[in-house]
Amino acid sequence: MKRNILVFIIFVASFVSSCSLDEIVYSRMTEDDYYSNFSESDVPAAIGKLYSDLRLLYAGKNVHKRGCWLYTNEEVSDCWVTPKRGGVWYDAGRYYRLNQHKWKWTDSHILNNWRNAYSCINNCNRLLYEFSDKEIESVEDMTAEIRVARAFWYYVLCDMYGNVPIQTRYDVPADYLPETSQRQDVFDFVVGELEECIPHLKEKEYGRWDKPAASCLLAKCFLNAESWGVSVEGDAWEKVVELCDGIISSGKYSLEADYRSPFATDNRGSNEIVMAVCNDEVYDAEEPFRLHMWTMHSKYRYHHNTVTNFWGGCCATPEFAASYDPDDLRYEKSWFEGQLYDNTGAYTGKAGSPLYCDPWDSRDKGKLLCHTKEIPLFDGDALSTTGEAPGVRMQKYEIRVGALDRMGNDFVLFRYADVLFMKAEALYRKNGGVATQECCDLINSVRKRAFAEFTEDKKVTVAQLDDDRFLLECAWEFCQEGHRRQQLIRFGQFLTKEWFLHKPTGNSDRLLFPVPYEEILANPKLMQNPGYPKDPQQ
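Scoring rules and cut-offs
Residues numbered from 1 in each chain as written. Predicted model: local features only at pLDDT ≥ 70, side-chain atom pairs only at ≥ 80, totals over all residues. Heavy atoms only, no water. Helix = DSSP H or I, 4+ residues; strand = E, 2+ residues; numbered from the N terminus. Contact = heavy atoms within 4.5 Å. Salt bridge = Lys/Arg side-chain N within 4 Å of Asp/Glu carboxyl O. Buried < 20%, exposed > 50% of the residue type's maximum accessible area, 1.4 Å probe, protein only.

Q: Explain the environment of C221 here, please?
A: Mapping C221 onto the fold places it in helix α11 (residues 211–228). Spatially, the C-alpha atom of C221 lies 29 Å from that of V172, the residues being 49 residues apart in sequence. Residues within four places of C221 in sequence aside, it is in contact with Y155, F187, V190, V191, L194 and W228.

Next up, the structure:
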């Protein structure tokens, strides 16, 4: 056997010595080859990063701690709270600081939202730079789509931080430091980009920045302009109505018969979704969508027969949970209330047995694991603390039987119900904050599916629709979708409303988040927002 191996080695050596080692590669495509053969079918792969980046809005490992758009914008609002539960879910006070509007410029939520946005903007600038000198098919349409994606992230920054740098170039010197632009300039940039690019977008393409999705984004810019303190050329409310009418009259979208359908496990292609961010429970391991894990108790796995465990933190505020009409189907389709049972029999050995607290705190020992609207606090704790069971849990996004530690439901960024509500709000504001029948008709067209019998007493009337009721209507329809902070600010209640563990301060500086400490430390040219520290040495 050894002799045969030796003969084989000698044969190979003599063969190699007699052959040319010049390599001929048949499977490698050069840059020139790639662009010379570039076609419409190559666009999705070329710009795929734009859409995977959108997952940073809500997905990632431990983003409930590090910060993401969804968690931050809901936690500072009146519908969603993360209370300290026994010895867990305090995490150095980060959730309470958000809830109580006492966040610091050093907090991870403040930093991560800023860096997420600029990381995505940098990717957009890189793609624009790479395609800037290429003579390829549909390059103008493709770059328009990239510019809209970039405009979206500036919309996020304009909303959350207000005054931020506008960076549109990728090829900058290594020592380049951008300067702060005023919120008005950021707003004007976003609006200008959208208005210029929308004509070049596709008519309808699920999960991409098409004409309706970009029009919805532009309508949101005009809808928030007044509360952002920026000026608009022309009538902002009329612009919102025109943009919404364009989407409505297109006939491309409609309300689902079931409120839950746009959030189902298999919601891809829902006719109500105007802009979705695609998820996959198998391939999204690096940036998992874990809303279900943030909220459900660890023993929910036995109640619902899932593969994953859960962490059991955030829930509805008691005030919001109690605000629903008893007949409103959206409550039970958005929140889980009641006793957990061992429906698998895997925990207790008997299927159907009630489950009890672990307990995470000795004061929970022997208590049934029952989620309630009320969140009673333990007596005598220096920090407001509750048990592991109180608070109704989020289930708007369907949690399938056998669920993994990442959800496959596509994330809903904009939907048709939002278009109808934006038009209603614009008409309401155009009429001086006084409801018209058209406003009520638009809201009632959405409310209708929320009731088994939509009788006259379930319809909102002109006499009922004031700021408080409008804000409630927004909450009942759009809770857990990331828009609540913005709604509270528009209706003037972000600084004045009281809710669980939150006492209003009236401090207008809190309408914006601070420029993060680490960013100012790295770039002294950045201007801090009013009311926050400016010197990293402070």
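And the narrative resumes.
Q: Looking at this structure, how should I read unusual backbone geometry?
A: Across the chain, the bulk of peptide bonds are trans and the bulk of non-glycine residues have phi less than zero. Between D358 and P359 the backbone carries a cis peptide bond, its omega angle lying at 0°. Within the secondary structure, P359 is located in the loop between β8 (353–354) and β9 (370–371). Within the chain, N62 stands out as a residue other than glycine whose phi angle is a positive 60°. Within the secondary structure, N62 is located in the loop between α4 (48–53) and α5 (63–66). Not every positive phi belongs to a glycine, and D91 is a case in point at roughly 50°. Along the chain, D91 falls in the loop between β2 (84–85) and α7 (94–99).

Q: Whenever I open this one, the side chain of D364 confuses me. Can you help?
A: Relative to the helices and strands, D364 is located in the loop between β8 and β9. Excluding residues within four positions of it along the chain, D364 makes contact with C357, P359, F378, G387 and E388.

Q: Would you mind going over the pattern of salt bridges with me for this structure?
A: Opposite charge on two side chains permits them to pair, given that their charged atoms come into close proximity. By the definition in use, this model includes 51 salt bridges. K458 is the salt-bridge partner of D327, the closest N and O atoms lying 2.9 Å from each other. Here D327, found in the loop between α15 (318–321) and α16 (329–334), pairs with K458, found in the loop between α18 (437–447) and α19 (467–478); they are 131 residues apart in sequence, far enough to count as distant. With relative accessibility at 44%, the residue D327 sits in the partly exposed group. Between D405 and R406 there is a salt bridge, with the nearest N and O atoms lying 2.7 Å from each other. A residue is classified by how much of its surface remains accessible, and D405, at 24% relative accessible area, is partly exposed. Within the structure, one salt-bridge network assembled from shared partners comprises E272, D328, R330, K396, R415, R449, E477 and E481.

That is the geometry; function is a separate question.
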